[in-house]
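Understanding the architecture of this molecule
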Amino acid sequence: MPTILFLTGIQDPRAVGEAIAQGEKARWTPDGELIVVRSPAPVSREFRGDPGGLLSANEPAPAPAPTGRGAGAGAGAGADVEYRFIFHTSVPRAVAEANRRPVDLIVVDNRIDPRRPRRTFAESPAGRLLPILSATRRDFRPVSRRQVVLLVGSGESLAADVYVAGAMKLGGYVVDPFGRDAAREGGGERFVDQIALMLGTRRPGKLALCLAGGGIEGLIYELGALRAIDDFLVGRKLADFDIFCGISAGAVIAAFLANGVPVEDVVAGLKDGAGSLDAVRRATLFTPNGVEIADRLVSLVRKVVRPRRGDVSGPSGRVDVTSALLRFVPGGFFSGEPIKWYMEEQLTRPGRTNCFRQLPKELYIGATDQDSGRHVLFGEAGHRDVPISHAVRASTALIPFYPPEVIGGRYLVDGAYTRTTNFTVAIRHGARLVTIVNPFVPLLTNRPGAVDREGGVFAALQGLKALVHSRFEQSYAHLDELYPDVDFQVFMPEGEELEQLTGTLMKFFYRVEIAELAYEHTAAKIRRAMPVMAEDLRRHGLLLRDPADDGPVALSGTRAADRGPSRVPDVSTGAS
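Every value quoted in this text rests on a predicted model; they were computed, and no experiment measured them.

Points about the overall build of the protein
For the protein, the helix and strand inventory stands at 20 helices and 20 strands. Considering only intrachain contacts with a sequence separation of at least 6, the fraction spanning at least 24 residues in the protein is 74%. On the protein, roughly 25,200 Å² of surface is accessible, and the fraction owed to carbon and sulfur atoms is 54%.

This is the structure:
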């Protein structure tokens, strides 16, 4: 049942509810909620929705059956649809309600009170509500601005309110559906039609998993987090998703999941080879890059013993020793070839493939062209003929640990230099639920000198993590506004988890404490986010159940016990 939170303004909740219920099958609950039942019918086009471009008034009207959170199996063609309206008169209570339970839409009565005609937008109910919603951003935000609809008056303030709705990328606006003229013309019925139209804009689609880098420690964190997510999913698991995007260490995991290897097998294999994958040996990661080091040493000796014209500088004709020594440093201290051979061996076994074109799922692996600075996306048109093992090798070529991978005459390095998770790629290919796991986060501490004490390598990586993470955070802060029809679940290390990720990116041994900590913290985040997360995933055909809970899954929606205690109806007048 879709839930609409109504922040009333110039009319008290009972009057608004009676206006909505006109001509409808409706009933009031003991909690003061209004349940409206609608039969499928063409919806009105009077809804001037989505000034930001999500809807167009010229598009054919969709059926009113919603696809928003809580739309049950009976909400299809020919079935009655129930809508739950929850009324509040104060902004703090409305925000608390949105944080307490899943809400599909927030309607804000922003009409001007004739008793107080002079006010700025900041003083209006919407002006007080929106900053609070923006400030409550968490891993699982209860509602986005695209799910906010303004109820505006038809007077002088109409143009200003419509402009603000567009500038702030709100879901849409409705012009005074409860006025005298509108009431005579079935305003309540038309208003419910308009709400149904808005709820029908969030369409389910493909499921995507996007994994960032973070070296060996980041890979171990991702395995712990993915194991927790997988344990909470009922029936359809992560390996059953439609789209996989991987960068650097995330590309290794994504390649296996896209081949149908379950998360538990990936964990067991990379840990000790107990699953269907071979264990990763020390030589796989840390074979010295002897050929390049020898070549550069020979070149250094030649420049010192028999310098050429380009090797000397200044009128003295001496060799520029500093420049020669800097060029002696190899592109990578370790050879990346064993990584490529390992991936090729695992992906060419029966039931798997090393070819993008033969994959049953979509796989996109990001790398960076070292000379042009452009992002290269393997798996998309023009880059599908490269073996997956080669793409993974290129995506994990983090300088100065591993040298570039040469593909098609281009020198390719770690994809994290130009992208973090490639979630926009998943959206472009039709994803409507995107799960992001990003361990590439800098250490956040109030202890002065904590990073410096870890040494120069860690300090350099801290700087790289800060650059990459700041880029991700700029996109992360506006996900809901940029992609209103996409649901996101984002998992990143914080607090105690970050403290465990203070080693180098290249620690070889499987650190059980990182995996277990990632599992515990991710499970705790999911528990805190239920039932909101459960309702989000349900719309995409996924069910959640706490692995520590032996109770049955609530197939018809959030269980009554999850909704909290009964609420005393809020019938006070005025907006505060």
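Focus on the environment of Leu461
Considering the arrangement of structural elements, one finds Leu461 in helix H16 (residues 456–476). With relative accessibility at 9%, the residue Leu461 sits in the buried group.

Some words on the packing of helix H8 (residues 249–258) against helix H13 (residues 337–347)
Interaxial distance between H8 and H13 falls to 11 Å at its minimum, and their mutual angle equals 10 degrees. Accordingly, the angle class assigned to the pair H8 and H13 is roughly parallel. Crossing geometry of H8 relative to H13 is assigned as right-handed. Along its contact with H8, which presents Val252, Ala255 and Phe256, the element H13 presents Tyr342, Met343, Gln346 and Leu347.

A word on the packing of helix H7 (residues 215–232) against helix H9 (residues 263–272)
Where H7 contacts H9, the axes come no closer than 9 Å and their chain directions differ by 150 degrees. Relative to H9, the element H7 is oriented roughly antiparallel. Considering only the axes of H7 and H9, their crossing is left-handed. Mapping the contact onto sequence places Leu219, Leu223, Leu226, Arg227 and Asp230 in H7 and Val263, Val266, Val267 and Leu270 in H9. For the contact of H7 with H9, a count of residues per class yields seven nonpolar, no polar and two charged.

Examining the nonpolar core
Soluble globular proteins: nonpolar side chains tend toward being buried together. Grouped together as the largest cluster of nonpolar side chains are 78 residues, with contacts concentrated most on Leu226, Phe256, Leu257, Leu363, Ile365, Phe378 and Ile388. Looking at this core element by element, the count peaks at 10 residues for H7. For Phe378, the contacting residues outside a window of four places in its chain are Phe356, Leu363, Tyr364, Ile365, Ala367, His383, Val386, Ala391, Ala394, Ile407 and Leu412. One finds Val81, Phe85, Phe191 and Ala196 within the second-largest nonpolar core, a separate group that totals 23 residues.

With respect to the packing of aromatic side chains
Tallying each qualifying case throughout the model produces nine aromatic pairs. Ring geometry for Phe6 against Phe87: centres 5.7 Å apart, planes inclined by 40 degrees, an arrangement best described as tilted. A residue pair is termed long-range when its members are at least 10 positions apart, and Phe6 in strand S1 (residues 3–7) and Phe87 in strand S5 (residues 81–88) qualify at 81 residues. The two residues Phe6 and Phe87 agree in class, both being buried.

Side note on the pattern of salt bridges
What the rule picks out here adds up to 23 salt bridges. Close ionic contact of Arg101 with Glu33 constitutes a salt bridge, the shortest N to O distance being 3.1 Å. On the criterion of sequence distance, the pair formed by Arg101 in the loop between helix H2 (91–100) and strand S6 (105–109) and Glu33 in the loop between strand S2 (25–28) and strand S3 (34–38) is long-range, its members being 68 residues apart. One salt bridge connects Arg428 with Glu380, and the closest N-O pair in it is separated by 2.4 Å. Of this pair, Arg428 sits in helix H15 (residues 423–428) while Glu380 is found in the loop between strand S15 (375–378) and helix H14 (388–395), placing the two residues 48 residues apart along the sequence. With a relative accessible area of 52%, Arg428 lands in the exposed category.

A look at the confidence of the model for the protein
The predicted coordinates of low-pLDDT regions are not to be read in fine detail. The predicted model of the protein averages 77 in pLDDT, with 71% of residues at 70 or higher. Below a pLDDT of 50 lies the segment residues 556–576, which in the model reaches 50 contacts outside its immediate sequence neighbourhood of four places, other chains included.

Structural notes on the environment of Val486
Following the sequence through the fold, Val486 ends up in the loop between helix H17 (479–482) and strand S19 (487–491). Look at Val486 and you get buried, because its relative accessible area is 2%. Sequence separation between Val486 and Gly205 is 281 residues, and the spatial gap between their C-alpha atoms is 8.9 Å.

A closer look at the state of the cysteines
Within the structure shown, the criterion is met by zero disulfides. You can see Cys245 has no disulfide; the closest cysteine sulfur is in Cys210, sitting 4.0 Å from it. Judged by relative accessible area, which is 0%, Cys245 ranks as buried.

Quick look at H2
Turning to H2, its buried residues are Val91, Ala94, Val95, Glu97 and Ala98. For H2, the buried positions fall inside an angular range of 160 degrees around the axis, keeping them on one side. Taking the backbone nitrogen of Arg93 as reference, a side-chain oxygen 3.3 Å away marks Ser90 as the first, capping residue of H2.

A word on the side chain of Ser124
With respect to the secondary-structure elements, Ser124 resides in the loop between S6 and helix H3 (125–135). According to the relative accessible area criterion, Ser124 is buried, its value standing at 0%.

Focus: the pairing of strand S17 (residues 410–414)
Across three bridges, strand S14 (residues 362–369) lies against S17 in antiparallel orientation. Counted as the bridge partner of Asp369 is Leu412 from S17. Where strand S16 (residues 405–407) and S17 come together, three bridges link them in antiparallel fashion. Its bridge partner being in S17, Ile407 is matched across the sheet by Arg410. Counting the residues that bridge the hairpin from S16 to S17 gives two residues, and of these Gly408 lies at a positive phi of roughly 60 degrees.

Parameters and conventions
Residues numbered from 1 in each chain as written. Predicted model: local features only at pLDDT ≥ 70, side-chain atom pairs only at ≥ 80, totals over all residues. Heavy atoms only, no water. Helix = DSSP H or I, 4+ residues; strand = E, 2+ residues; numbered from the N terminus. Contact = heavy atoms within 4.5 Å. Areas by Shrake-Rupley, 256 points an atom, 1.4 Å probe, with all protein chains shown as cover. Buried < 20%, exposed > 50% of the residue type's maximum accessible area, 1.4 Å probe, protein only. Axes fitted to C-alpha atoms, helices over the stretch in contact; angles between N-to-C directions. Parallel < 35°, antiparallel > 145°, perpendicular 65-115°, else oblique. Left-handed = near helix turned anticlockwise from the far one by under 90°. Nonpolar A, V, L, I, M, F, W, Y, C, P; charged D, E, K, R; others polar. Core = buried A, V, L, I, M, F, W, Y, C linked by side-chain atoms within 4.5 Å. Phe/Tyr/Trp six-rings, centres within 6.5 Å; stacked < 30°, edge-to-face > 60°. Salt bridge = Lys/Arg side-chain N within 4 Å of Asp/Glu carboxyl O. pLDDT = per-residue confidence, 0-100. Disulfide = S-S within 2.5 Å. Arc of directions from axis to C-beta. Polar contact = N/O pair within 3.5 Å; in protein donor to acceptor, adjacent residues only side chain to side chain. Pairing = 2+ DSSP bridges.

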